[in-house]
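Given next are the chains, with one letter for each unit.
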Amino acid sequence: MPPKRAIPCYTCGPPNDGTESPFYQCNNLLQQQEESMSDDESSTGSVEENVEVEETTDLSNSDVCTKYQEASKIVNLALTGLISQCIPGAKILDLCNFGTTIINTQAGKLYQKKVKGVAVERGVAFPVCVSVNDVICNLSPLGSEELEPLKAGDIVKIDLGCHIDGYISVAAHTLIVPESPDSPPTSISDEMGNVAVAAYNAMLVAAASIKAGATNKQVTDIVTKVANSYGVNSIFSVRMHQMKRFVIDGVKEVALRHPTADDLEAGEQKLDECTFEQAEVYAVDVAMSTGDGKPRPGVLRTTVFKRNVEANYKLKMKNSRSLLAQVDKKFPTLPFTLAHFEDERGAKMGVTECVSHGLLTPYPVLHEQKDANVAHFKCTVLLLPSGTARVTGLDMPEYFKTDKKPEEDIQQMLDDIAAAAAKKAKKKAAKKKKKKAASS
């Protein structure tokens, strides 16, 4: 857990008590999120009543479905809150801490009863990352290495995850920093519009295509077709993953594009074909670029890691042993950021030996070409008996536009997805109206 501190809010402005501290609580936003959360169909109270441990840990268990749904609500709320904070002058470190606080605060209100004397684990499943411009993903800076604040026109990619009892929901979103909180961004280039629409539409059709009986190759073909239609490239190293309890990157994977002979010679791996099955859960992760789509290392420090549970080694350095002991206690299976450790200096010193002996797997900060525009969208899908349900991810900002059109079959899929979403929204609104009328 990061050290407790008040949360800076760039929307509400500084406090009126005359203090100069930049850190203060954004009660208004958290209150609005809590009210939004309480308006949904599932309430916290009903969740707390259903805490009986079940042996079945996939979606065939209704309690598991509920936990995925609750984690998904928190993910969407955190994304919404972070988007409102992305204005000129906002600091990346403060945004990461803000999102982390929302996730932990909201998750902490659920499943508070212990099960057989053991508390139900819940909270951050993937560290809040805020990547700007040519940085593709995984940027979660340390307190001692703060980067320059956001400025109008910056391309911001937000990536985060939440879990309830190990059942994970994740999402990513792309936006442009506006001139002010009250006005939408202007002067967005055609290239940025193309890549944003391409990445978002690819996420939608990929999510709809991940269903029982389909294969990962079929999804890769569809994503490739979308990228080609908009004249952009998928990012090579970004992949979709199956998720299980406490496992964020399962065995089944989906590539965003098929590797060429040159790619294979350069070290890119070709994925084995796999078939999706009912009751599975997937992170549908899509990142696209106007560049070559080949990520490269940069100067930014890697701060996000995950414990490799299959590796063991007797570490020699005291800092390394201390870091690994804390990881095994606090983050035994899910990714974490070094910013979550109080002894930041010791964590930085100890992480090198842990990585070199395979005890920790790094999530490096990935970069594209400096002049490239990058878009990143991600959602979580549940393969239910009624079909594939997309439970996280927000709508694409309306200011992303393009004149390019996808192929006819892709457009038909997008039309069907839009029609289904409109029908669901109408049904939900009618149910909410009926509930409100009954209570009045």
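See above for the structure.
Residues numbered from 1 in each chain as written. Predicted model: local features only at pLDDT ≥ 70, side-chain atom pairs only at ≥ 80, totals over all residues. Heavy atoms only, no water.

Trainee: Just give me the short version of helix α8 (residues 318-330), but keep the residues and values in it.
Mentor: Helix length check: α8, at 13 residues, gives a terminal C-alpha distance of 18 Å against a target of 18 Å (1.5 Å per residue), a fit within 8%. Within α8, the full set of buried residues consists of Ser320, Leu323, Leu324 and Val327. The arc that holds every buried residue of α8, seen down its axis, measures 95 degrees, which confines them to one face. Among the exposed residues of α8, those pointing more than 90 degrees away from its buried face are Lys318 and Lys329. In the core, the buried residues of α8 are packed alongside β9 (304-307), β10 (336-337), α9 (344-356) and β11 (360-363). (Helix = DSSP H or I, 4+ residues; strand = E, 2+ residues; numbered from the N terminus. Expected span 1.5 Å × (residues − 1). Buried < 20%, exposed > 50% of the residue type's maximum accessible area, 1.4 Å probe, protein only. Arc of directions from axis to C-beta. Contact = heavy atoms within 4.5 Å.)

Trainee: So what's going on with the sheet that holds β9? Residues and values would help.
Mentor: Taking strand neighbours across the sheet as the criterion, the three strands line up as β10-β9-β11 in an open arrangement whose pairing is antiparallel. Both outer strands of the open sheet, β10 and β11, are each paired with one neighbouring strand and no more. Strands β9, β10 and β11 of the sheet are contacted by α8, whose axis makes an angle of about 75 degrees with β9. Contacts from α9 reach β9 and β11, with the element oriented near 110 degrees to β11. (Pairing = 2+ DSSP bridges. Axes fitted to C-alpha atoms, helices over the stretch in contact; angles between N-to-C directions.)

Trainee: Requested: an account of the packing of aromatic side chains, with residues and values cited.
Mentor: If you walk through the whole model with that rule in mind, you get nine aromatic pairs. Ring geometry for Tyr200 versus Phe377: centroids 5.3 Å apart, planes at 75 degrees, classification edge-to-face. Residue Tyr200 is located in helix α5 (residues 190-209), and its partner Phe377 is located in strand β13 (residues 374-384); the two are separated by 177 residues in the primary sequence. Phe377 shares its class with Tyr200; the two are buried. Seen in terms of ring centroids, Phe336 and Phe341 are 5.7 Å apart; in terms of plane orientation they differ by 75 degrees. Their pairing is edge-to-face. A connected cluster of aromatic rings, assembled from ring pairs, spans Phe305, Phe331, Phe336 and Phe341. Just above the ring of Phe236 sits the side chain of Arg257; from NZ or CZ to the centre is 3.7 Å. Its guanidinium or amino end placed over the ring of Phe126, Lys378 lies 5.5 Å from that ring's centre, counting from NZ or CZ. (Phe/Tyr/Trp six-rings, centres within 6.5 Å; stacked < 30°, edge-to-face > 60°. Lys NZ or Arg CZ within 6 Å of the ring centre and 35° of its normal.)

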